[in-house]
Amino acid sequence: METIKSREDISDLFSCGKRLHTPYLTLIVLPTKQHGLNGRVAFVAGKKLGNAVWRNSAKRRMRAVCHELGGPWKGFDVIFLAKSGICRGSYSKVLAACDETLERAGIR
């Protein structure tokens, strides 16, 4: 799984990407700049939402959802941005919400 590591790429996604909201997380999507490049993903859990244990749990859950939905998606850079409810909701609800949101965006 190719991840977005560059601070410049992440800030570009935050400023230019399309935001898709679910009750559990926000997806920020932007078509890749380089034609034919495989898609990349990033997982973000902010410090103001919880301690390190919560953030690690949220990131593990987002990685599992991404993997199960077939990510990263060719031609798209996607950021998974955790919301406070991601660890409280059941895994199946988080998965269904992400699947529906990705289909609405035309990625899946």
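Please refer to the structure placed before this passage.
Residues numbered from 1 in each chain as written. Predicted model: local features only at pLDDT ≥ 70, side-chain atom pairs only at ≥ 80, totals over all residues. Heavy atoms only, no water.

**Student:** Give a description of the sheet that holds strand β1 (residues 18-21) that names residues and reports values.
**Tutor:** Strands sit in the order β1-β2-β4-β3 across an open sheet of four strands; the sheet is mixed. Only two strands of the sheet have a single neighbouring strand rather than two, namely β1 and β3 (40-44). Here the strands of the sheet are splayed against their neighbours by 20 degrees on average, with no regard to which way each runs. Across five bridges, β3 lies against strand β4 (residues 76-82) in parallel orientation. Residue V44 lies in a different strand from β4, and its bridge partner there is L81. (Pairing = 2+ DSSP bridges. Helix = DSSP H or I, 4+ residues; strand = E, 2+ residues; numbered from the N terminus. Axes fitted to C-alpha atoms, helices over the stretch in contact; angles between N-to-C directions.)

**Student:** Which residues make up the state of the cysteines, and what values go with them?
**Tutor:** By the definition in use, this model includes zero disulfides. Summary of cysteine pairing: C87 is not part of a disulfide, and the nearest cysteine sulfur, belonging to C98, is at 13 Å. C98 forms no disulfide, and the closest cysteine sulfur to it belongs to C66, at a distance of 9.2 Å. (Disulfide = S-S within 2.5 Å.)

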